[in-house]
Amino acid sequence: MLPGILGTIDTVIGRAEAVILAVGVLLMAVNTVGNVIGRFVFQYSFFFTEEVNRILIIMITFAGIGYAARHGRHIRMSAIYDALPVRARKIMMILITIITALTMFALCYFSIGYILKVASSGRVLPSLQIPVYFIFLWVPVGFAVTGTQYALTTVKNILEKDVYLSTHMLEGYDDEEIEV
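Residues numbered from 1 in each chain as written. Predicted model: local features only at pLDDT ≥ 70, side-chain atom pairs only at ≥ 80, totals over all residues. Heavy atoms only, no water.

Chemist: Now, about the overall build of the chain: what can you tell me, with residues and values included?
Modeler: When its secondary structure is counted, the chain shows five helices and two strands. Counting from the amino terminus, the chain carries its helices and strands in the arrangement α-α-α-α-α-β-β. Whereas a compact globule of 180 residues would reach a radius of gyration of roughly 16 Å, the chain reaches 20 Å, over 25% beyond that. Considered along the principal axes of its C-alpha atoms, the chain spans approximately 65 × 40 × 35 Å. Taken across its 180 residues, the chain has 38% of its residues classed as buried. Taking as baseline every contact in the chain between residues at least 6 positions apart, the subset at least 24 positions apart corresponds to 68%. For the chain, the computed accessible surface area is about 10,600 Å², with 73% contributed by carbon and sulfur atoms. In the chain, 13 side chains carry a positive charge and 13 a negative one; their mean positions are 7 Å apart. (Helix = DSSP H or I, 4+ residues; strand = E, 2+ residues; numbered from the N terminus. Rg over C-alpha atoms; globule rule 2.2 N^0.38 Å. Buried < 20%, exposed > 50% of the residue type's maximum accessible area, 1.4 Å probe, protein only. Contact = heavy atoms within 4.5 Å. Areas by Shrake-Rupley, 256 points an atom, 1.4 Å probe, with all protein chains shown as cover. Lys, Arg positive; Asp, Glu negative; His and termini not counted. Charge placed at Lys NZ, Arg CZ, Asp CG, Glu CD.)

Chemist: Tell me about unusual backbone geometry, and please be specific about residues and values.
Modeler: The phi angle at glutamine 43 is positive, at roughly 55 degrees, despite the residue not being glycine. Backbone geometry at glutamine 129 places phi at a positive 60 degrees, although glycine is not the residue there. Within the element layout of this structure, glutamine 129 appears in the loop between helix H4 (86–121) and helix H5 (138–159).

Chemist: Kindly report on the side chain of threonine 167, identifying the contributing residues and their values.
Modeler: Looking at where threonine 167 falls in the secondary structure, it is placed in the loop between strand E1 (164–166) and strand E2 (169–170). A distance of 3.0 Å separates the side chain of threonine 167 from the side chain of glutamine 149, its partner in a polar contact. A polar side-chain atom of threonine 167 sits 3.4 Å from a polar atom in the side chain of histidine 168. (Polar contact = N/O pair within 3.5 Å; in protein donor to acceptor, adjacent residues only side chain to side chain.)

Chemist: Describe helix H1 (residues 4–41), naming the residues involved and giving the relevant values.
Modeler: For H1, which comprises 38 residues, the first-to-last C-alpha distance of 55 Å matches the rise-based estimate of 56 Å (1.5 Å per residue) to within 8%. When H1 is considered as a whole, its buried residues turn out to be Gly7, Asp10, Ile13, Gly14, Glu17, Leu21, Gly24, Asn31, Asn35 and Gly38. Turning to H1, the residues buried within the fold contact helix H2 (49–70) and H5. In the stretch just after H1, glutamine 43 is the one whose phi turns positive, near 55 degrees. (Expected span 1.5 Å × (residues − 1).)

Chemist: Break down the pattern of salt bridges for me, citing the residues and quoting the values.
Modeler: In total, this model carries one salt bridge according to the counting rule given. Residues arginine 70 and glutamate 17 are paired through a salt bridge, measuring 2.8 Å at the closest nitrogen-oxygen approach. One end of the pair, arginine 70, is in helix H2; the other, glutamate 17, is in helix H1, and 53 residues separate them in sequence. Taking the relative accessible area as the measure of exposure, arginine 70 reaches 3% and is therefore buried. (Salt bridge = Lys/Arg side-chain N within 4 Å of Asp/Glu carboxyl O.)

So far we have only geometry, and geometry alone does not tell us how the molecule works.
So this is what it looks like as structure tokens:
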């Protein structure tokens, strides 16, 4: 766990991610099952199901990237990294997390620019009549949370002697990884 305010921020973000993911998946399941029941039992399909599921998929995807980073479940191509001694791996992990955090913050910035362009177009979803930019609001949030998670992982690796994939996950593989 991270010390002080950083640990508090990490915990709050983690709980929010878990709630968003759980609620998103449950809402998508209820929406889809409800539509199937409506279509086959009552011969009536909900007109908004596809748009609601699209919104939920975007929300789950971009909340999920932060969750994956938090639990060290991101893709790793580590053939060279694994061959390095511990000190070199630690330095590499610090560099990797700094670069990834900066990339996520840059993507957050660019996604905000994109949302502003979409918002200025005035387009709305056909069924729900919600502005189209609304469904993209999760994108910069997801990138910001993921960038924050990688930045916190950088701090964790600087403060601790072990090498961490995330603030809660020591490096290793499935049979070796230890969530702390």
